[in-house]
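Inside the fold
Okay, here's what each chain looks like letter by letter:
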There are 2 protein chains.
Amino acid sequence: MTSKDSFYIPVEEARSFCLDVYRQLNVPEDENIQLADIILDASLRGVDTHGILISPIYAQRIRSGQMIPGRHLKIDKETSTTALTDACQGLGQTTSVEGMEIALEKARAHSLGAVTIYNQSHNGALSYYVRMAADQNMVALMFGNSTPRVAPYGGRAGLHGTNPVAFGIPGGPHAPMVCDFATAASGAAIRQAVEDQVPSIPGNLALDRDGNPTTDPAAAFDGWLLPKGGTMGYGLALLADVLVGALSGSCCGPDVPPVQDIESPYCCGSFILVIDPEAFIGLEVFLRRVGFLIESAQAIQPADGFDRVRIPGERGQEEKERRRREGIPMPRRSWEQMLQALEACDVDVAQWWR
Amino acid sequence: MTSKDSFYIPVEEARSFCLDVYRQLNVPEDENIQLADIILDASLRGVDTHGILISPIYAQRIRSGQMIPGRHLKIDKETSTTALTDACQGLGQTTSVEGMEIALEKARAHSLGAVTIYNQSHNGALSYYVRMAADQNMVALMFGNSTPRVAPYGGRAGLHGTNPVAFGIPGGPHAPMVCDFATAASGAAIRQAVEDQVPSIPGNLALDRDGNPTTDPAAAFDGWLLPKGGTMGYGLALLADVLVGALSGSCCGPDVPPVQDIESPYCCGSFILVIDPEAFIGLEVFLRRVGFLIESAQAIQPADGFDRVRIPGERGQEEKERRRREGIPMPRRSWEQMLQALEACDVDVAQWWR
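A few points on the structure. These numbers come from a predicted model, not from an experiment. (Residues numbered from 1 in each chain as written. Chains lettered and ligands numbered in written order. Predicted model: local features only at pLDDT ≥ 70, side-chain atom pairs only at ≥ 80, totals over all residues. Heavy atoms only, no water.)

**What about the overall build of chain A?**
Regarding its fold elements, chain A presents 11 helices and 11 strands. Within chain A, the fraction of its 354 residues that count as buried is 59%. Long-range contacts, defined as pairs at least 24 residues apart, comprise 66% of the intrachain contacts of chain A with a sequence gap of at least 6. Accessible surface, chain A: about 13300 Å² in total, of which carbon and sulfur atoms supply 50%. One finds the centroid of the 30 positive side-chain charges in chain A at a distance of 3 Å from the centroid of its 43 negative side-chain charges. (Helix = DSSP H or I, 4+ residues; strand = E, 2+ residues; numbered from the N terminus. Buried < 20%, exposed > 50% of the residue type's maximum accessible area, 1.4 Å probe, protein only. Contact = heavy atoms within 4.5 Å. Areas by Shrake-Rupley, 256 points an atom, 1.4 Å probe, with all protein chains shown as cover. Lys, Arg positive; Asp, Glu negative; His and termini not counted. Charge placed at Lys NZ, Arg CZ, Asp CG, Glu CD.)

What follows is the structure, given as structure tokens:
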């Protein structure tokens, strides 16, 4: 299970690690348990950039005062179906769960519920929150905005963030359909290419600082990302900025602050929409129809290089089952860099060296 | 303005043509005026596949009884915020406008409104309907489903349609942001490549009938389309099928009938969501924030090959202004083929030969 360069962390050990680190960062115990659950969910599903390795980033932001443990979502304004809410610089995870709960409650009572959250911070993988809805037989859509690192279609400099879009759909007897994607090339993947000294990256991912297409990872890392699928990613990212930033009268596109400025509030946000299938054809028929769609997808012959056709979220679920058994694979270098960075934030991780 | 191979049709002449053709197809006069408006809007914005050249397809379907003029949207079930509606095989244009009006009315009264429409038929470019909302200071999202011609990510055969996604956002003093895209490669573009005897198409657009990637236009036309942006297009297309088909307990994925079977009902549909910005930060601040986003996009230096950065919908608007002045450019061969096809449907187009 282990080698010189990497090892596997059993899930319960990873959980203890999270609880220990964030307890030292003054995250209240009930919030800490939820935070560990969300961080571990990403690690288990293979979204390692949003899993336990993100801890030094959160530690820096908590220490700087940008992310404030113990804060909760505050409703500025609401109607029977909507809420405009302020995350008050609280943890993105805590306030996203609270936002989803408000949207679910409104949808249960009035068929639809929508919540926009401003003044938030990084909330990890959106899949966790939309799965909360799917697990309660509700359909959810969620959007996020972030630092303007992505050039608009046909442009030379950043306009909007990698703005993720996610949805969750209950699957009845099947696992829910859960889809969660960034609308642009991944900045983390480009940073990884730099660290791994990969000689070149595909030409459709990034621009250099001057706005010229580049295949050089270092120039890309210093430059701008490109939207996924050209006008499709550009359009969806703008929609996210409108639903998250404009609808809340808050940060939007170029005035979402640079994520590196950890001394000041980050001011990104989320938009959540929940739909109750009961209001339409009714849950029973709805689940039967979704089941038909899922089974139809799974019955299609796979293309070369694929063992079978999956529905959104299925690969993450398979990875989760494997990692629950085998542990979370961890490059030794990543682990050590993380512990060093936590020590630099005055977190005592002496017991976690291995 | 004209040549041997092509000519320009003045807008008012194109409108008279539509009114004449659809009057002969027994479209009631008020419905006909609206239909002409929607068809011309596509022709003016450069979406020629959904403009006047689509008339023979509609003529065939009206003659076969698949599309039935004079029918209206019927509400099967509703709540204060939602409606499940039956298009009763009426024209897709008529029933989409009616669906949008219901969603707008519900959103005006309860901040959010959602309508799912089943038993519909082709409704042209979704941009028209979401622009209706933007023009009334509302945000709209719209999805459609269609014949399963698109392979799922990693699959060898069709699962879902080219399922479009559209949104409209009011722009205040600016033109609204209007985005409308198919979530897969364009079948019409591949048919055009066959007709134009283009030797090859890019390798990421289509599969042949056996599910192998192909660059041969004829093999692609006989085969399957691929989702745009891999998992992103696949995910969005599934979401469309769930919101349109599953939520209405109607056709969904593989059981949306082949669009070629014009003797039987088509049974595609739409899903519309409307959000009232007034319920969140309020219209005034919302429009100011959207304006900031639009102006920020337009201020970004253009990449090589672009004269400037546009917001979604801007290119169509520019084309509309040009075509209003210059007329709709029309290849003579396309025009003649259209007139012949209309004659085959017993539409008298003698006066339209030129």
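**Describing the state of the cysteines**
All names here are of chain A. Under the definition given, this model contains two disulfides over all chains. Across the disulfide from Cys251 sits Cys267; the S-S distance is 2.2 Å. Looking along the S-S bond of the Cys251-Cys267 disulfide, the torsion reads about 100°, which is the right-handed sense. Of this pair, Cys251 sits in the loop between helix H8 (231-246) and strand S10 (268-275) while Cys267 sits in the loop between H8 and S10, and the two are 16 residues apart along the sequence. Residue Cys251 is classed as buried on the basis of its relative accessible area of 15%. Cysteine Cys88 shares no disulfide, and the gap to the nearest cysteine sulfur, in Cys267, comes to 12 Å. Given a relative accessible area of 16%, Cys88 falls into the buried group. (Disulfide = S-S within 2.5 Å.)

**Focus on the packing of aromatic side chains**
All names here are of chain A. Under the defined criterion, the tally for this structure stands at 14 aromatic pairs over all chains. Where Phe143 meets Phe271, the ring centres are 6.4 Å apart and the plane angle is 50°; that geometry is what we call tilted. With Phe143 in strand S5 (residues 139-145) and Phe271 in strand S10, the pair connects residues that are 128 residues apart, well separated along the chain. When sorted by exposure, Phe143 lands in the same class as Phe271, which is buried. In textbook terms, an aromatic cluster arises when at least three aromatic residues are bridged by ring pairs, as seen for Phe7, Phe17, Trp335 and Trp352. The positively charged end of Arg61 is found above the aromatic ring belonging to Tyr266, 5.9 Å away from the centroid. (Phe/Tyr/Trp six-rings, centres within 6.5 Å; stacked < 30°, edge-to-face > 60°. Lys NZ or Arg CZ within 6 Å of the ring centre and 35° of its normal.)

**What about the pairing of strand S2 (residues 74-78) of chain A?**
Residues and elements named next belong to chain A. Alignment of S2 against strand S3 (residues 82-86), held across four bridges, turns out to be antiparallel. Bridge pairing links Ile75 to Thr85 in S3. In this structure, the hairpin formed by S2 and S3 is closed by a connection of three residues. (Pairing = 2+ DSSP bridges.)

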